[in-house]
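Remarks on the overall topology
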Amino acid sequence: RTSGVPTHIPSLNGLTRGLQAGSQNILAARTSRGKTAFALNVAHHVAVRTGEAVVVFSQEMNKQEINDRLICLAGGISFSELHGNRDIARVRNAFNAAAALPIYIRDAAATVPAIHAKVRRLMTRRKVALVIIDYLQLLTPTGRSENRTQEVSAMSRGLKLTAQELGIPFLVLSQLKRFEGNREPDLSDLRESGSIEQDANTVMFLHSEREFVDMDPNVP
């Protein structure tokens, strides 16, 4: 039974029982492997199913790019349909469906304290079901650290404490560092990992058999 916030993937819900209140959930993959697409599918599913707010802090894409993806998701249309003006009524319906979603996009440079303040402010107006961070390594650090790993660890810990204080699940996207060999990724592959895995309630990896082939120099 799903006791937390459900994703759009039933098998994942079966493993996690949904994204639990106050939890930090890491979604990690190499560059251009679909982290943002996965996260926006979760955002859309949660907003539609619960009617509650989802906040997306996007440091990877600007607000217009995120909006375009949500319009396509909400209207079941492709990017070519959205920008091709072939079926104006279909595109208008997609716009209206996306506009009705309680998804709030923030694409300005974000720090952990700013994320905390913006989510808390929204919580005074409506219930927030989920916060998505895209992605951890692009957040702006506060204070001084001896190295990049300590910076990222401090931000990860700050997000974890924020999730716990607010009682909202956080889905935090993270980069994987490049690694050699034809294998599945593991916790040691988290970029500037530090304490990321210690702070996380769950760590999920996106990968594919095609990715293994791409990394294998012996496969043409």
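The structure this text deals with has already been given above.
Summarised in this report is the structure supplied together with it. (Residues numbered from 1 in each chain as written. Predicted model: local features only at pLDDT ≥ 70, side-chain atom pairs only at ≥ 80, totals over all residues. Heavy atoms only, no water.)

**A short note on the pattern of salt bridges**
Our working rule: Throughout this description, the term salt bridge denotes a Lys or Arg side-chain nitrogen within 4 Å of a carboxyl oxygen of Asp or Glu. Where helices and strands are cited, they refer to DSSP runs of H or I of at least four residues and of E of at least two residues respectively, numbered from the N terminus. Only protein chains enter the accessibility calculation, which uses a 1.4 Å probe; a residue is then buried when its area is under 20% of its type maximum, exposed when over 50%, and partly exposed in between.
Counting across every chain of the model gives five salt bridges. The partner of arginine 148 in a salt bridge is glutamate 151, with the nearest N and O atoms 3.0 Å apart. Of this pair, arginine 148 and glutamate 151 both sit in helix α7 (residues 148-166), separated by three residues, roughly a single helical turn. When its relative accessible area of 28% is taken as the criterion, arginine 148 is described as partly exposed.

**Brief notes about the environment of valine 42**
Stated formally: We call two residues in contact when some of their heavy atoms are within 4.5 Å.
Topologically, valine 42 is positioned in helix α2 (residues 35-50). When its relative accessible area of 1% is taken as the criterion, valine 42 is described as buried. Between the C-alpha atoms of valine 42 and histidine 8, which are 34 residues apart in sequence, the distance is 5.8 Å. Setting aside residues up to four positions removed in sequence, valine 42 forms contacts with Thr7, His8, Leu130 and Leu171.

**Describing the pairing of strand β4 (residues 128-134)**
It is a general feature of regular strands that their side chains alternate between the two faces of the sheet. The following threshold applies: We call two strands paired when DSSP finds no fewer than two bridges between them.
Burial runs high along β4: seven of the seven residues are buried. Bridge analysis of strand β2 (residues 53-58) against β4 gives six bridges, and the strand direction is parallel. Looking at the pairing, valine 56 lines up with isoleucine 132 of β4. Of the strand pairs in this sheet, β4 and strand β5 (residues 170-175) are connected by three bridges, and their pairing is parallel. Looking at β5, one finds that valine 131 is bridged to phenylalanine 170.

**Describing the packing of helix α3 (residues 63-75) against helix α5 (residues 88-99)**
Under the convention used in this document: The axes used here are C-alpha line fits, helices contributing only the stretch in contact, and every angle between their N-to-C directions lies in the interval 0 to 180 degrees. Angular relationships are summarised with four words: roughly parallel below 35 degrees, roughly antiparallel beyond 145, roughly perpendicular across 65 to 115, and oblique for the angles in between. Classes in brief: Ala, Val, Leu, Ile, Met, Phe, Trp, Tyr, Cys and Pro nonpolar; Asp, Glu, Lys and Arg charged; the others, Gly included, polar.
Interaxial distance between α3 and α5 falls to 8 Å at its minimum, and their mutual angle equals 105°. On the basis of their axis angle, the class for α3 and α5 is roughly perpendicular. Of α5, the residues touching α3 (which contributes Leu70, Ile71, Ala74 and Gly75) are Arg90, Ala94, Phe95, Ala97 and Ala98. Here the residues of the contact of α3 with α5 are counted per class, giving seven nonpolar, one polar and one charged.

**Here we look at the side chain of aspartate 68**
The cut-off we apply is this: Within this scheme the basic residues Lys and Arg register as positive and the acidic residues Asp and Glu register as negative, but His and the chain ends are omitted. Contacts described as polar in this section are N or O atom pairs within 3.5 Å, which, within protein, must combine one atom able to donate a hydrogen with one able to accept it, while residues neighboring in sequence count only if both atoms come from side chains.
Residue position: aspartate 68 is located in helix α3. Here aspartate 68 sits buried without a salt bridge, and the closest side chain of opposite charge, arginine 69, lies 8.4 Å off (N-O distance). Side chain to side chain, aspartate 68 and glutamine 64 meet in a polar contact 2.8 Å long. In contact with aspartate 68, not counting residues within four places along its chain, are Phe79, Leu82 and His83.

These results come straight from atomic positions and should not be treated as a statement about function.
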